[in-house]
Amino acid sequence: LQHNPEQRTRISLSHINMKNVILMMFGLVIALQGCKKDGSSSRVSVMNKVSLKLKSPAGADLFAPGTTEQINEGNTTLYYLVGNSKVEYFDQGKDYPKGLFIHNDASTGEYLVEVFLNHDVPDGGVSTNILEYAHYSPDTIQVKIRKAGRSIGYDRLWLNGEEISLTEKRQPDVIIKTRTK
């Protein structure tokens, strides 16, 4: 009986490959067990944001740096109407403590503000949010809040009292501002 080293090598490699496959399958089963949904998740999906572009009557982007009387996060305040009281929004623990975020839209090169609206109202209730600026009249954003399971959003939107169609809404709303102060 002759010993064939190639055959033993093939057997060893096959054995190692099968061993690796079994270990990977076992690891996959363990990983997938950690992904099971058991209803105990505390995740909540919240869509409570509105995007706006503010322009001068001449078409200037009022958020753009260098614009005369530029609107920025430092001279803009978000208020939530709670009952009959206007309450300034500020939460140091949030990524955007003032409840708004002004940034450049890379696809258009224009600036816009993302406003995070009050969703602490009952399902079907109307949330009223007021943006105040240093040199311009305030804007009022109202939304009808919808809550379903762990999801929060809105199904109707009013901007300064005018209803905005959500089915046709694809771009940020543009508001023409004239200096008031």
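Look up: the structure comes first, before these words.
What counts and how
Residues numbered from 1 in each chain as written. Predicted model: local features only at pLDDT ≥ 70, side-chain atom pairs only at ≥ 80, totals over all residues. Heavy atoms only, no water. Phe/Tyr/Trp six-rings, centres within 6.5 Å; stacked < 30°, edge-to-face > 60°. Buried < 20%, exposed > 50% of the residue type's maximum accessible area, 1.4 Å probe, protein only. Lys NZ or Arg CZ within 6 Å of the ring centre and 35° of its normal. Core = buried A, V, L, I, M, F, W, Y, C linked by side-chain atoms within 4.5 Å. Helix = DSSP H or I, 4+ residues; strand = E, 2+ residues; numbered from the N terminus. Contact = heavy atoms within 4.5 Å. Polar contact = N/O pair within 3.5 Å; in protein donor to acceptor, adjacent residues only side chain to side chain. Pairing = 2+ DSSP bridges. Salt bridge = Lys/Arg side-chain N within 4 Å of Asp/Glu carboxyl O.

Undergrad: Looking at this model, I keep getting lost on the packing of aromatic side chains. Mind explaining?
TA: Two aromatic rings are characterised by how far apart their centres lie and by the angle between their planes. Scanning the model with the defined rule gives 3 aromatic pairs in all. On the numbers, 5.1 Å between centres and 45° between planes, the contact of tyrosine 80 with tyrosine 89 is tilted. Accessibility assignment for this pair places tyrosine 80 and tyrosine 89 in one class, buried. The ring centre of tyrosine 79 lies 4.6 Å from the NZ or CZ of lysine 86, which sits over that ring.

Undergrad: Sorry if this is basic, but what is going on with the nonpolar core here?
TA: The nonpolar side chains of soluble globular proteins are, as a tendency, buried together. Judged by nonpolar contacts, the single largest core of 27 residues is most densely connected at Leu52, Leu131 and Ile141. Residue assignment for this core shows that the elements contributing at least two residues are strand E2 (49-55), strand E3 (76-82), strand E5 (100-104), strand E6 (111-116), strand E7 (126-133), strand E8 (139-148) and strand E9 (151-159). In this structure, isoleucine 141 is in contact with Val50, Leu52, Val115, Leu117, Ser127, Thr128, Asn129, Leu131, Leu157, Trp158 and Leu159, ignoring residues within four places of it in sequence.

Undergrad: How should the side chain of asparagine 129 be read in this particular structure?
TA: Here asparagine 129 lies in strand E7. Within the structure, the side chain of asparagine 129 is placed 2.9 Å from the backbone nitrogen of asparagine 118, a separation counted as a polar contact. A polar atom in the side chain of asparagine 129 sits 3.1 Å from the side chain of serine 127. Here asparagine 129 is in contact with Leu78, Tyr79, Tyr80, Leu117, Asn118, Asp139, Thr140 and Ile141, once residues within four sequence places are set aside.

Undergrad: Quick question: what am I supposed to make of the pairing of E2 here?
TA: A regular strand places its side chains so that they alternate between the two faces of the sheet. In terms of burial, E2 is a largely internal element, 6 of the 7 residues being buried. Note: E2 against E6, 4 bridges, orientation antiparallel. Across the sheet, the residue bridging to lysine 49 is phenylalanine 116, located in E6. In terms of strand pairing, E2 meets strand E11 (residues 173-176) through 4 bridges, oriented parallel. By the bridge assignment, lysine 55 is partnered in E11 with isoleucine 176.

Undergrad: Honestly, the pattern of salt bridges in this entry has me stumped. Any pointers?
TA: Tallied over the full model, the rule gives 7 salt bridges. A salt bridge links glutamate 110 to lysine 55; the shortest N-O distance between them is 2.4 Å. Remark: lysine 55 occurs in strand E2 and glutamate 110 occurs in the loop between E5 and E6; sequence separation between them is 55 residues. Linking arginine 156 and glutamate 163 is a salt bridge whose minimum nitrogen-to-oxygen distance equals 2.9 Å. Salt bridges sharing partners connect three or more residues here, namely Lys53, Lys55 and Glu110.

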